[in-house]
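For reference, the chains in residue letters:
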Amino acid sequence: FGISSLVGGLATSAGTLVAARLVQGVGAAMMTPAALSILTTTFREGRDRNKALGAWGAMAGLSSAAGVLFGGLLADGPGWRWVLLVNVPVCVVVIVGSFRLFSGERRTAQLSTFDSLGAVLGTGGMLLLVYAIVEAPNVGWGATRTIAGLAGAAVVLAAFAINELRSPNPLFPFSIFRIKGVAAADATQLIALAGFYSTFFFVTLYMQNVLGYSPIEAGVAYLPATVAVAAAAALSSQLFARTGTRPVIVAGALLGAAGIFHVSRIPVDGSYVSDLLPGLLVMSVGLGAVFVGVITAANAGVPPDKAGLAASLISASQQLGAALGLAIFTAIATSRTSDLLGSASPPDQLAALTSGYRYALTASAAFVLGAAVIATRAGEMPPRSNDRNGSAVSIPSRNQRSAEDVA
């Protein structure tokens, strides 16, 4: 990740930049699941595990808001290259910390059993799906190219699923979904992140293209949202012991949907204080709660030998949600804007852009609302109550109480 960031920051052609970004994605895909699996196997149960997962979720949620803040400061300050170059010293710190903190034990895996076909099919299918959706507004949803792209993606992803079911060492063992709530937690992450990330994207475009904000002004505008995410994440991790994870996720998704819907009412001559700030704050509180809750729920009940897989799934859900969300909602915004520009004479560009953003943000709110529904089936970390001596004790589930009655 560090080397590709350096290459991308020094790139002199579009091809080099795109190639560096591709390698960045590979590096990120190696780091994130490994780091989360180390956390979940180090803190296996109890209050320490909840705090650790809460801290992880808080950092993940905070990064989404802080990224747009610092991205604006860097792009309008030293230049866009530093959005990539800033990663280099960070990676140096991470590498040094890894050697100091993590065990040096190694386990040798047999590369001959690696599911290379599954890796190619899964990656190729998702790339084809995202590309077809992104290009659809330009070539037309009914065009042969669009239909062929979507159909091809469906065929490749179906082949991926068949390969995983038949492979002796699958890249994606579907058996992990036998652990109650894991599938729902991953689906919640995917759907919610599609809405949350896209909101940051379209609000930034609205501030710069319609309201005329500079990149620095747009970045600073997210400072209250960054603080709200951090505060909500910290509070949510404390609530788990009282309520469990599921109520926190559902409440966070509902708050997030409400905040995004408020933002989706943006007018052409909008005001940051009245039209953006209230919705962004409410959305950010929901984002912090969802991130922390989903990370914890997705790892609840996962045995140590499945920790790496569970971490990979939740990370993949996050990245796929962001990619698919941007592809889908950009297509919605582009189609709406193009229709208005084509029908108006003379066309009002700002009004057309704003209308496209409104459509995309409304769809984002609907996605986050859908995530709240899916979250009702997510994995649950049972709440804890205090005994007479004030120590924390687990509240047995309904199934556990039934088993004790039988005994």
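All values reported here derive from a predicted model rather than from experimental measurement.

## Notes on the confidence of the model for the protein
So, step 1. On average, residues of the protein score 83 in pLDDT, and 89% of them are at 70 or above.
So, step 2. Below a pLDDT of 50 lies the segment residues 385–407, which in the model reaches 17 contacts outside its immediate sequence neighbourhood of four places, other chains included.

## Structural notes on the packing of aromatic side chains
So, step 1. Evaluated as defined, the whole model comprises four aromatic pairs.
So, step 2. Between Phe200 and Tyr222, the ring centres sit 5.5 Å apart and the planes meet at 65°, which makes this aromatic pair edge-to-face. Placement of the pair is Phe200 in helix H8 (residues 182–210) and Tyr222 in the loop between helix H9 (215–220) and helix H10 (223–243), with a sequence separation of 22 residues. Tyr222 carries the same exposure label as Phe200, and that label is buried.
So, step 3. Relative to Tyr357, the ring of Phe202 lies with its centre 6.2 Å away and its plane at 45°, an arrangement referred to as tilted. Taken together, the residues Phe202 in helix H8 and Tyr357 in helix H14 (residues 349–375) connect sequence positions 155 residues apart.
So, step 4. Given a relative accessible area of 2%, Phe202 falls into the buried group.
So, step 5. On the basis of relative accessible area, Tyr357 is assigned to the buried category, the value being 5%.
So, step 6. Through a chain of ring-to-ring contacts, the aromatic side chains of Phe201, Phe202 and Tyr357 assemble into a single cluster.

## Examining the side chain of Thr296
So, step 1. Relative to the elements of secondary structure, Thr296 occurs in helix H12 (residues 272–299).
So, step 2. Exposure remark for Thr296: the relative accessible area of 2% places this residue in the buried category.

## Notes on the packing of helix H6 (residues 116–139) against helix H13 (residues 307–343)
So, step 1. Contact geometry for H6 and H13: axes closest at 7 Å, N-to-C directions at 15°. With respect to their mutual orientation, H6 and H13 come out roughly parallel. At the point where H6 passes H13, the crossing takes the left-handed sense. Contacts between H6 and H13 involve Met126, Leu129, Val130, Ile133, Val134 and Pro137 on the former and, on the latter, Leu320, Ala323, Leu324, Ala327, Ile328, Ala331, Thr334 and Ser335.

## A few points about the pattern of salt bridges
So, step 1. On inspection of all chains with the given rule, the structure shows one salt bridge.
So, step 2. Across the pair Glu135 and Arg145 runs a salt bridge, and its minimum N-O distance is 3.4 Å. A residue pair is termed long-range when its members are at least 10 positions apart, and Glu135 in helix H6 and Arg145 in helix H7 (residues 144–166) qualify at 10 residues.

## Quick look at the packing of helix H2 (residues 14–42) against H13
So, step 1. Put simply, H2 and H13 touch, their axes get as near as 8 Å, and they point 130° apart. As the angle between them shows, H2 and H13 are arranged oblique. The element H2 and its partner H13 pack so that their crossing is right-handed. Residues Thr32, Pro33, Leu36, Ser37, Thr40 and Thr41 of H2 touch H13, and the partners they reach there are Ala307, Gly308, Ala311, Ser312, Ile314 and Ser315.
So, step 2. By residue class, the composition of the contact of H2 with H13 is five nonpolar, seven polar and no charged.

Cut-offs used in this document
Residues numbered from 1 in each chain as written. Predicted model: local features only at pLDDT ≥ 70, side-chain atom pairs only at ≥ 80, totals over all residues. Heavy atoms only, no water. pLDDT = per-residue confidence, 0-100. Contact = heavy atoms within 4.5 Å. Phe/Tyr/Trp six-rings, centres within 6.5 Å; stacked < 30°, edge-to-face > 60°. Helix = DSSP H or I, 4+ residues; strand = E, 2+ residues; numbered from the N terminus. Buried < 20%, exposed > 50% of the residue type's maximum accessible area, 1.4 Å probe, protein only. Axes fitted to C-alpha atoms, helices over the stretch in contact; angles between N-to-C directions. Parallel < 35°, antiparallel > 145°, perpendicular 65-115°, else oblique. Left-handed = near helix turned anticlockwise from the far one by under 90°. Salt bridge = Lys/Arg side-chain N within 4 Å of Asp/Glu carboxyl O. Nonpolar A, V, L, I, M, F, W, Y, C, P; charged D, E, K, R; others polar.

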